[in-house]
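# Notes for the structure review
Here are the chains, one letter per residue:
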Amino acid sequence: MAFLNPSYALYFILISLLILPSSAQNNAFTPIHLVAPDGSARAAFIPFGATTTNFWVKDKNGVFRDIILGFDNHTLYQSDADGHPYFGPIVGRYANRIRNGTFTIPISKNASGPNKFFVPRNEGNNTLHGGFDGFDRRVWKTSKVSSNSVTFTLIDPAGTQGFPGTVVTTVAYSLQRKSTWKISIHASASAKTPIMLSGHHYWNLEAYQESQDLDSHFAQFQASKFVATDGHLIPNGQLTKVAGTPMDFRKAKSIGTSIPETAEAQFCGTGCVGFDNCWLFDTVDDKKAAFSMWSVKSGIRLDILTNQPALQVYTCNGIFNASLPIPRKTTQGGPGSVYTDHSCVVIESESVIDAINNPEFGVDQIFGPNRAYDWEASYVFSTMHN
C-alpha cells in the first residue's frame, strides 16, 4: 500500500474541496458548450475522458465547420458499440505504447533492471494509452466552468492499472480570441511514476465537405528525426533521419499524396500504409508554431504552439472496419456516411514515446513529489485564401 506524505495528502484534500459536489456535476455525457469571447470559435466537451466532442471554426467563406471527429451519441464514447478509436479524450497515465507493459524506476533498457512494474497489455503484448482503464475511460470531475473555459480534474489512485503513486491531473480548455484554443494539462504525483499525457484529437479541416481524403491537407513542421519502431510500433531505441524519406515534412507537402510513399518501408507498422509515428522537433519554442496543417479547399489552417518535444501523427490507417464501420457525425455528412481510412489526422503533442524503456533517448518521464508534470499547447486557427 502506498502512503502519501503530509504535504501531498493535504494537496489532495484541497483538490477535493475545490471540485464541485456530486449534485452539481454534469452528467458524464452531457456536453459543456464554450464560445470564444469574440465568437471566432465554438466547442463542446464532456466529462467522460475530458473529451472534446465538437470544434467549430470558420472556413475561408466565413462559414463555421465542425472539424473534429467523434460520436453524435455520446454514450458511444463509453460503450464501444461502434469501436474504441480514442475520439477526442485525454490519454494517459502514459500515452502511446509501453513495450511489454513493463517499466522500471529508475528506468532501464526494456525494463531489464530492478523495481519492475507491470501494466495491462491491451494491444497484443504491449500497453496502449494507459491500459484497459486509461484516463480516456474515466469520468473527470468538472471543477470550473465559464462561458469560454472548462477545467476537468481526475484523481488516479496508486496501483490503478499497475502504476505507482497517486496522480492528480487537471486539464483546462479555454477558447480565446482569434480562434485560439489553449489547453493546459498539469499533474502531481505522490510517488515516482511515469507520466505522459496528450489530447487524442482527430481532425478533418474540411469537415468532409469537399473531399474524403487528405490530398488537400498540407503539413509542415521542423523535425529532422523520428523514432524508429518495430512492426508493432514499439521504439527500438534508434532515431532515424527524415531526409530522403516520406517522413520529411520540413517543407510543406500534401499529407494525402505522401501516404502511398510509405508503403515500402511500412513506417506505421507491419502491412500498414500511412503515418503513425513520433517525430522529434528540432527545437522547442512555445512562442512559435511547432506544427502547421491546412486545407487548400476549406482554407482552414491550424498552427500548434507547444512546450512538448515531440509529435505523434496518425493518418487514420485502419479506422474503417467493414464489420463495424463508424458513422460520421451529422455535422460531417453522417450518419449515412462513415469514417474511412486516410480521411483524418490525429495530432498528439507529447514527449518521446516509450522513453521509459529507452534510456538512450535521454528523456526523463518520471515525475513525483518534487517534480510536477506540465503540458501546454495553443491551437491557433486561421483562414487562407487562394
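Report on the accompanying structure. Every value quoted in this text rests on a predicted model; they were computed, and no experiment measured them. (Residues numbered from 1 in each chain as written. Predicted model: local features only at pLDDT ≥ 70, side-chain atom pairs only at ≥ 80, totals over all residues. Heavy atoms only, no water.)

### Description of the overall build of the protein
What the protein contains, in helices and strands, is three helices and 27 strands. Its C-alpha atoms give the protein a radius of gyration of 20 Å, within 12% of the compact-globule value 21 Å for 386 residues. With the C-alpha coordinates of the protein rotated into their principal frame, the extents come out at 60 × 50 × 45 Å. Looking at the protein as a whole, 57% of its 386 residues are labelled buried. Of all intrachain contacts in the protein linking residues separated by at least 6 positions in sequence, the fraction that spans at least 24 positions is 68%. Carbon and sulfur atoms make up 54% of the accessible area of the protein, which amounts to about 15100 Å² in all. (Helix = DSSP H or I, 4+ residues; strand = E, 2+ residues; numbered from the N terminus. Rg over C-alpha atoms; globule rule 2.2 N^0.38 Å. Buried < 20%, exposed > 50% of the residue type's maximum accessible area, 1.4 Å probe, protein only. Contact = heavy atoms within 4.5 Å. Areas by Shrake-Rupley, 256 points an atom, 1.4 Å probe, with all protein chains shown as cover.)

### What to know about the sheet that holds strand E3 (residues 51-58)
A sheet is described by the order of its strands in space; here four strands give the open sequence E1-E2-E3-E4, paired in antiparallel fashion. Both edges of this open sheet fall to strand E1 (32-35) and strand E4 (64-66), since each of them pairs with a single strand only. Sheet twist, expressed as the mean angle between neighbouring strand axes with direction ignored, is 20 degrees. When E1 meets strand E2 (residues 41-46), the two strands line up antiparallel, connected through four bridges. Bridged to Ile 32 within E2 is Phe 45. (Pairing = 2+ DSSP bridges. Axes fitted to C-alpha atoms, helices over the stretch in contact; angles between N-to-C directions.)

### Description of the sheet that holds strand E19 (residues 235-241)
Spatial strand order, E16-E25-E24-E21-E18-E19: six strands in an open sheet with antiparallel pairing. The open sheet terminates on both sides in strands that have one partner only, identified here as strand E16 (201-203) and E19. Ignoring strand direction, the axes of neighbouring strands in this sheet form an average angle of 30 degrees. Across five bridges, strand E24 (residues 310-314) lies against strand E25 (residues 345-350) in antiparallel orientation. Bridge pairing in E25 places Leu 311 opposite Ser 349.

### Thoughts on the state of the cysteines
Throughout the structure, instances matching the rule amount to two disulfides. Paired through a disulfide, Cys 268 and Cys 272 show a sulfur-sulfur distance of 1.9 Å. In this structure the cystine formed by Cys 268 and Cys 272 twists about its S-S bond by roughly -105 degrees; its chirality is therefore left-handed. For Cys 272, a relative accessible area of 15% translates into the label buried. The side chain of Cys 316 participates in a disulfide bridge whose partner is Cys 344; the two sulfur atoms lie 2.0 Å from each other. Where Cys 316 bonds to Cys 344 through sulfur, the torsion about that S-S bond is close to -125 degrees, and the disulfide is left-handed. With Cys 316 in the loop between E24 and E25 and Cys 344 in the loop between E24 and E25, this residue pair connects regions lying 28 residues apart in the sequence. Of all cysteine sulfurs, the one in Cys 268 lies closest to Cys 278, which takes part in no disulfide; the gap is 15 Å. Overall, Cys 278 belongs to the buried group, its relative accessible area being 1%. (Disulfide = S-S within 2.5 Å.)

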